[in-house]
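Secondary and tertiary structure notes
As a plain string of letters, each chain reads:
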Amino acid sequence: MTEDRLDRIERILETAVTLCQQNREDIARLTQETRNTNSRLDRLSERLESYTAQTRFDREDFQNEMRGIRTEVTRIAEFLFGQQQG
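Since the structure is predicted, the reported quantities are computational estimates derived from the model, not experimental observations. (Residues numbered from 1 in each chain as written. Predicted model: local features only at pLDDT ≥ 70, side-chain atom pairs only at ≥ 80, totals over all residues. Heavy atoms only, no water.)

**Focus: the overall build of the chain**
Short version of the rule: In DSSP terms, a helix is any run of H or I states spanning at least four residues, a strand is any run of E spanning at least two, and both are numbered starting from the N terminus. A radius of gyration in this sense is built from C-alpha atoms; the matching globule rule multiplies 2.2 Å by the number of residues raised to 0.38. Each residue's exposure class comes from its accessible area (1.4 Å probe, protein chains only) as a fraction of the maximum for that residue type: buried when under 20%, exposed when over 50%, partly exposed otherwise. What sets the accessible areas is the Shrake-Rupley method with a 1.4 Å probe; for residues, cover comes only from the shown protein chains. We count Lys and Arg on the positive side and Asp and Glu on the negative side, and we leave His and both chain ends out. Every charge is mapped to an atom, namely NZ of Lys, CZ of Arg, CG of Asp or CD of Glu.
Looking only at helices and strands, the chain has one helix and zero strands in total. For 86 residues, the compact-globule estimate of 2.2 N^0.38 gives 12 Å, and the C-alpha radius of gyration of the chain, at 36 Å, exceeds that figure by more than 25%. Its C-alpha atoms put the chain at 120 × 15 × 10 Å along the principal axes. A total of 86 residues make up the chain; the buried ones form 0% of that total. Of the accessible surface of the chain, which amounts to about 8,400 Å², a share of 54% is contributed by carbon and sulfur atoms. Charge centroids of the chain, computed over 14 positive and 17 negative side chains, lie 3 Å from each other.

**Description of the pattern of salt bridges**
For clarity, the cut-off: Only one rule defines a salt bridge in this text: a Lys or Arg side-chain nitrogen within 4 Å of an Asp or Glu carboxyl oxygen.
The final tally for this structure, using the stated rule, is three salt bridges. For R29, the salt bridge goes to D26, with nearest N and O atoms at 3.7 Å. Taken as a pair, R29 and D26 lie in helix 1 (residues 3-85) at a separation of three residues, close to a single helical turn. In this structure, the salt-bridge partner of E33 is R29, at a minimum N-O distance of 3.3 Å. Residue E33 and its partner R29 are located together in helix 1, separated by four residues, close to a single helical turn. You can call E33 partly exposed: its relative accessible area is 38%.

**Side note on a nonpolar patch on the surface**
Formally: Each patch is assembled from residues with relative accessible area greater than 30% and no salt bridge, linking like charges that lie within 9 Å and nonpolar side chains (Val, Leu, Ile, Met, Phe, Trp, Tyr) that lie within 5 Å.
Together, M1, L6, I9 and L13 make up an exposed nonpolar region whose accessible area comes to about 420 Å². With respect to the helices, strands and loops of the structure, L6 is situated in helix 1. Residue classification places L6 among the partly exposed positions, given a relative accessible area of 41%.

What follows is the structure in structure tokens.
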């Protein structure tokens, strides 16, 4: 092989090594970013589950309060109308 050809092969190999190093660094960075994103998604999922559970509880509590109010309104109406008729 000629000296020029060997120089060219050497440059190609150096470029390939540089690209491999950059790829390895990019993969490490992306792996860390993926871990961070997964961790954030897990925390968000936990908060969403907590919010959903609290919302269900609040809804049930509200429904119970409304039933109680309806019962009281019915009693008051029966009392008032019962007095008018009696």
